[in-house]
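Listed below, chain by chain, are the residues.
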Amino acid sequence: MKRSRIFAAGIAVSMMTIALAPQAAEVERGALLTTSCFSCHSIDVTGNMPNLVGYPRDLLVSQMQAFKDDSRPGTIMNRLAKGYSDEEIDQMADYFATLQ
Amino acid sequence: MTNFSRRNFLKTVGIGGAATVTGFGCAAPGRATNANGAHVVVVGGGSGGATAAKYLKRFSPEMDVTLIEPTATYYTCYGSNWVLGGHAQMDDIAQNYDALQSRHGVNVVQDSVTEIDPARRTVKTAGGDTMTYDRLILSPGIDFRYDAIPGITAADSERIPHAWKAGDQTTILRRQLEAMPDGGVFVMVAPGNPFRCPPGPYERASMVAHYFKQEKPRSKIIILDNKENFSKQGLFMEGWEQHYGDMIEWVPSSRGGQVEEIDAANLTTISDGGFTEFKADVLNYIPPQTAGAIAMQTGLAGDGFWCPVDQMTFESSIHPGIYVIGDSSVAGAMPKSGHSANNQAKVAAAAISREMAGLEPLAPSTANTCYSLITPDHAISVAAVYAYTDGAMAGVEGSGGVSPAGAPASVRQMEAIYTKGWYDGITGDIWG
Ligand SMILES: Cc1cc2nc3c(=O)[nH]c(=O)nc-3n(C[C@H](O)[C@H](O)[C@H](O)COP(=O)(O)OP(=O)(O)OC[C@H]3O[C@@H](n4cnc5c(N)ncnc54)[C@H](O)[C@@H]3O)c2cc1C
């Protein structure tokens, strides 16, 4: 991908290949939910959005909960985290843990 | 270029497929019965289509996925307003299909679809190919209704650009802004709802104002709106006042913003039954829109302008086996945005992948985020999470909303950094 002048200089893009969990053509809800995260937190490139691949499972759950109850301030994540049930947050964290 | 004949296709998928238990329950010819060797054709390599092709391969690596897109370089509309503002170049918003082809195993065909036969499940291309599909995903974006008002046709778009599909149109508008003398008037005609990118016209006004403030500070921007209010209105107006004083004037439909006719030769808009006129030095007419031409032509919009779908899977309510995603679809509360198209693509890909495995579709969950720059260091956002509720994608209660009003500059600046982060992220997710 082409880098541009508008993007903060010095942040290197490293292309990385992410292996998704073996699926055997069975995409489950945790995977579908989590693909929404990839829109900003891409697993194909890294930019100046926090990279979540390899993020510890329990930390992901606690941070999503903290955004949800506004105990962790943020710009947009508070508005998004409120859209997920506790169960869905667990499913997302489980799925993220399968990404390498 | 691949040329699929129906007979060969049946030969490839016939064995094994027949023995698999499936949820199809229908005997249409040419239907594969598991993902092995099943052929999914994706039409349109924009925000929706390119994502769909990639995620089909992710969810079902054994699937045969063909993406048909006429251009080798796709210019994103997102970021095109930054080009108009002069702080990005066309190269910065250029994407290509190399990674889809080489890293993700998508068969990318540079061609354009001229005909879809939903009964026979075939597509014909301008290059003369006919392909058979088991499932078709259609993400052709938008087309324009130049017949909505008199005085302007598509042929005028060289002089009066819409710049609502990025590429040459963006360059034309940028050149006109550069050529405009200081003290000139830039008039933008914004469409009524629904249309591609609800905050787009107002981000465009902001970016043009950013350029004028530096280079042509005596110039003026007039937005003639076919609406009474607009996306993130309070936040835009707060930012305009803060950075641009009274350079931007927004005219709602009830106060002369409802343009009824255009005098193209004189770059003049006419409203209020002929009583109100606005003369432009640069005129940006953004016409009302429809689903992409190929979707309209295939009858996927029925009597309307947009394609109704089962919002659980995005399969067409009119032609089974065809999934319509992105701007062309009717998607409940989801706005027509690149982010929405990207999320809908994953829902459709997951539904097809599961259907091929004989599984029921999953309850979909999607999100949308639209950042808008008011200056390169001042951004605002709107976000929401959607769930399938009572037959439509609806915002999850308690989630979503816009950036806070009256926030300090540091918050606006942080969102400007994330605006660029979003661009990197989403283009990586779509084409990376
Ligand atoms: C100024 C502006 C700013 C925007 N900013 C944002 C933003 O910040 N965030 C955001 O989320 N969205 C933004 N958008 C909206 C976004 O660009 C669109 O909503 C999104 O691209 C829609 O995706 P799509 O797949 O439906 O259509 P497109 O991305 O337009 O893709 C359609 C593709 O289909 C191809 N095609 C059409 N017909 C055929 C055919 N017959 N055969 C083969 N291929 C065909 C076209 O060549 C094209 O590549 C913006 C839009 C504009 C105009």
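Just so it is clear, the structure is predicted and the values come from calculations on it, not from any experiment. (Residues numbered from 1 in each chain as written. Chains lettered and ligands numbered in written order. Predicted model: local features only at pLDDT ≥ 70, side-chain atom pairs only at ≥ 80, totals over all residues. Heavy atoms only, no water.)

A.B. asks: Just checking my understanding: could you explain helix 5 (residues 168–179) of chain B for this structure?
C.D. replies: Since the α-helix turns once every 3.6 residues, residues separated by three or four places project in the same direction. For helix 5 of chain B, which comprises 12 residues, the first-to-last C-alpha distance of 16 Å matches the rise-based estimate of 16 Å (1.5 Å per residue) to within 8%. Along helix 5 of chain B, the residues classified as buried are B:Gln169, B:Thr170, B:Ile172, B:Leu173, B:Arg174, B:Gln176 and B:Leu177. (Helix = DSSP H or I, 4+ residues; strand = E, 2+ residues; numbered from the N terminus. Expected span 1.5 Å × (residues − 1). Buried < 20%, exposed > 50% of the residue type's maximum accessible area, 1.4 Å probe, protein only.)

A.B. asks: Would you mind going over the packing of helix 1 (residues 29–38) of chain A against helix 9 (residues 338–356) of chain B with me for this structure?
C.D. replies: Angle between the axes and distance between the axes: these two values describe a pair of packed helices. Relative to each other, helix 1 of chain A and helix 9 of chain B sit at 155°, their axes nearing to 10 Å. Here helix 9 of chain B runs roughly antiparallel to helix 1 of chain A, going by the angle between their axes. Where helix 1 of chain A crosses over helix 9 of chain B, the handedness of that crossing is right-handed. Residue-level inspection shows A:Leu32, A:Thr35, A:Ser36 and A:Phe38 of helix 1 of chain A in contact with helix 9 of chain B, the latter providing B:Asn343, B:Lys346, B:Val347 and B:Ala350. In terms of residue class, the contact of helix 1 of chain A with helix 9 of chain B is built from four nonpolar, three polar and one charged. (Axes fitted to C-alpha atoms, helices over the stretch in contact; angles between N-to-C directions. Parallel < 35°, antiparallel > 145°, perpendicular 65-115°, else oblique. Left-handed = near helix turned anticlockwise from the far one by under 90°. Contact = heavy atoms within 4.5 Å. Nonpolar A, V, L, I, M, F, W, Y, C, P; charged D, E, K, R; others polar.)

A.B. asks: What am I meant to see in the packing of helix 5 of chain B against helix 6 (residues 200–215) of chain B here?
C.D. replies: Residue and element names in this part refer to chain B. The contact between helix 5 and helix 6 brings their axes to 11 Å, and the two run at 35°. Crossing of helix 5 over helix 6 shows right-handed handedness. Between helix 5 and helix 6, the residues in contact are Leu173, Arg174, Leu177 and Glu178 and Arg204, Val208, Tyr211 and Phe212, respectively.

A.B. asks: Can you walk me through the interface of chain A and chain B in this structure?
C.D. replies: As a measure of interface size, the accessible area lost when the parts come together is often cited. Tallying the contact residues gives 39 residues for chain A and 62 residues for chain B. Carbon and sulfur atoms make up 59% of the surface buried where chain A meets chain B, a total of about 4100 Å² over both sides. In this structure, A:Asp44 and B:Lys54 form a salt bridge, with 2.4 Å as the shortest nitrogen-oxygen distance. The interface formed by chain A and chain B contains 14 residue pairs in polar contact (both at pLDDT 80 or more). (Buried area = accessible area lost by both parts, 1.4 Å probe. Salt bridge = Lys/Arg side-chain N within 4 Å of Asp/Glu carboxyl O. Polar contact = N/O pair within 3.5 Å; in protein donor to acceptor, adjacent residues only side chain to side chain.)

A.B. asks: Is there a simple way to explain the sheet that holds strand 11 (residues 185–190) of chain B in this structure?
C.D. replies: Through backbone hydrogen bonds, the strands of a sheet pair up, either in parallel or in antiparallel fashion. All names here are of chain B. Pairing is parallel in the open sheet, where four strands are placed in the order 13-12-11-17. At either margin of the open sheet sits one strand with a lone partner, and together these are strand 13 (248–251) and strand 17 (282–285). On average, each strand axis in the sheet is tilted by 15° relative to the strand beside it, whichever way the strands run. Alignment of strand 11 against strand 12 (residues 220–225), held across six bridges, turns out to be parallel. Note on strand 12: the bridge partner recorded for Ala190 is Asp225. (Pairing = 2+ DSSP bridges.)

A.B. asks: Explain the domain arrangement of chain B to me, please; I cannot follow it from the model alone.
C.D. replies: All names here are of chain B. Domain boundaries in chain B define domain 1 (6–70 + 111–143 + 289–431) and domain 2 (151–285). For domain 1 versus domain 2, the separation of C-alpha centres amounts to 31 Å. Taken residue by residue, the interface counts 26 residues in domain 1 and 22 residues in domain 2. Both sides together, the interface formed by domain 1 and domain 2 hides about 1800 Å², and carbon and sulfur atoms give 61% of it. It is Gln289, Lys336 and Ile374 that lose the most area in domain 1 upon contact with domain 2, and together they represent 28% of the buried surface on that side. Summed over the shared surface of domain 1 and domain 2, the number is three salt bridges. Across the pair Asp327 and Arg196 runs a salt bridge whose closest N-O atoms are separated by 2.6 Å. Those elements that place two or more of their residues in the side of domain 1 that touches domain 2 are strand 10 (142–144), strand 23 (365–375) and strand 24 (378–389). (Domains from an automatic or database assignment.)

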